[in-house]
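Residue strings, one per chain:
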Amino acid sequence: MNSLPAHLSENALGRIVTEWANVIGVPPQDVSRDEWILVERADLDAVVAVNVDGFGFAAAPPRVLDLLRSAPPESLLDAAGLARKLPAGAHPIGCADLLFTDRVPPLRRLNVREAAPADVVAVRGRVSATDWEESGIEETERQWAAMDSAGSPAAIAGFKRWRSELAQMGVLADPGHRGAGYAYAAAAVATQETVRAGLIAQWRSRQGNDASRRLAQRLGFTHCGVQAAVALS
C-alpha cells in the first residue's frame, strides 16, 4: 500500500481494509486501490458502500446491482443522491466519515473511572434521543465516565469489539459540560483500553457532525474512509 494517512501504519491500514472487505463480502486478496468491487448480497435489503484508503466496496441485493454498475463510483458514497437513482421507496440511511487510530492519545488530568450503570443513565437523561442514538453508547460493551468537580458524570465513552481487528467507539457528553474536556478525557481512556486490547479504534462520525469529527481528530484519529447506506423498500 502507499499514500498512507498520517499516524496510521501500513499494517494498521491493511487490517482495516481487510476487515471492511470481509464485512461487505469481498475476498481481501481481490481488492485494488482506486477500484470498486460490487457484491451481490441476497441477504441485504439495503445498499451499503464504503471506501477505505482508496479501496471501494459496495453490496446490494441482485435487483439493484445493475443500477449500481452503471452509476459513477463517487455517487455510491452519496446516500441521498444514490437513493434518488434507486427504485421507488428507497431512502437514505446516511453517510458517515470513518476515522481510525492504533495509538494511545494523551490523557487529560480529569477524574475518569469505569462507568457504573447509574452513570450512563444519568448522562442519558440529560441528552436528546437523537444524541443518545447517534452516540453509539448503548451498543458499547465497556464504558468510562469523566466526572465533574461535584462527582457527577459529565461524559461517557466506550467501545465494542467489531469483527476481529476493530473496535467501534461511542461518546456521549452532558450538554452542560460540553467544551470543557470531559468528552475528550473519557474517550481518551476508552481509546487507550482499545489499543491495549490489540484492536484498532474505529470512529464513525455522521457527515455534518463537525463536533464529533473534531473530537476524534484531537484524539489522534485519522480520517481515511466514508460509509454510505440506502434502505430499499
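Residues numbered from 1 in each chain as written. Predicted model: local features only at pLDDT ≥ 70, side-chain atom pairs only at ≥ 80, totals over all residues. Heavy atoms only, no water.

Q: I'd like to hear about the sheet that holds strand β4 (residues 91–101), residue by residue, with values.
A: Here 10 strands make up an open sheet; going across it, the order is β1-β3-β2-β10-β4-β9-β8-β7-β6-β5 and the pairing mixed. Sheet topology places β1 (36–40) and β5 (112–114) at the edges, where each strand pairs with a single neighbour. Here the strands of the sheet are splayed against their neighbours by 25 degrees on average, with no regard to which way each runs. (Pairing = 2+ DSSP bridges. Helix = DSSP H or I, 4+ residues; strand = E, 2+ residues; numbered from the N terminus. Axes fitted to C-alpha atoms, helices over the stretch in contact; angles between N-to-C directions.)

Q: Can you lay out the layout of surface pockets for me, pointing to particular residues and giving the numbers?
A: The volume enclosed by the largest pocket comes to roughly 1,500 Å³. Contributing to the lining of the largest pocket are 45 residues, with Glu134, Ser135, Arg204, Asn209 and Ser212 lying nearest its centre. Partitioning the lining of the largest pocket into residue classes produces 20 nonpolar, 14 polar and 11 charged. (1 Å grid on protein atoms, 1.4 Å probe; cavity = no way out; pocket = protein on both sides within 12 Å on 5 of 7 lines; lining within 4 Å. Points joined across faces, edges and corners; volume = space filled by probe spheres on them. Nonpolar A, V, L, I, M, F, W, Y, C, P; charged D, E, K, R; others polar.)

Q: Any details on the nonpolar core? Residues and values, ideally.
A: Burial of nonpolar side chains together is a common tendency in soluble globular proteins. If you look at the biggest cluster of nonpolar residues, it comprises 27 residues, and the most contacted ones within it are Met169, Val171, Trp203, Leu215, Leu219 and Phe221. Looking at this core, the elements with two or more residues in it are β6 (142–147), β7 (153–162), β8 (166–173), α6 (182–196), β9 (200–206) and α7 (210–218). Counting 23 residues, the second largest nonpolar core, distinct from the first, contains Val17, Ile24, Leu98 and Leu166. (Core = buried A, V, L, I, M, F, W, Y, C linked by side-chain atoms within 4.5 Å. Buried < 20%, exposed > 50% of the residue type's maximum accessible area, 1.4 Å probe, protein only.)

Q: Any chance you could break down unusual backbone geometry for me, citing the residues and the numbers?
A: It is generally the case that most residues other than glycine have a negative phi and that most peptide bonds are trans. For Asp53, which is not glycine, the phi dihedral falls at a positive 55 degrees. Here Asp53 lies in the loop between β2 (46–52) and β3 (55–60). Positive phi outside glycine occurs at Arg163, with the angle close to 65 degrees. Tracing the sequence through the fold places Arg163 in the loop between β7 and β8. Owing to a relative accessible area of 43%, Arg163 belongs among the partly exposed residues under this scheme.

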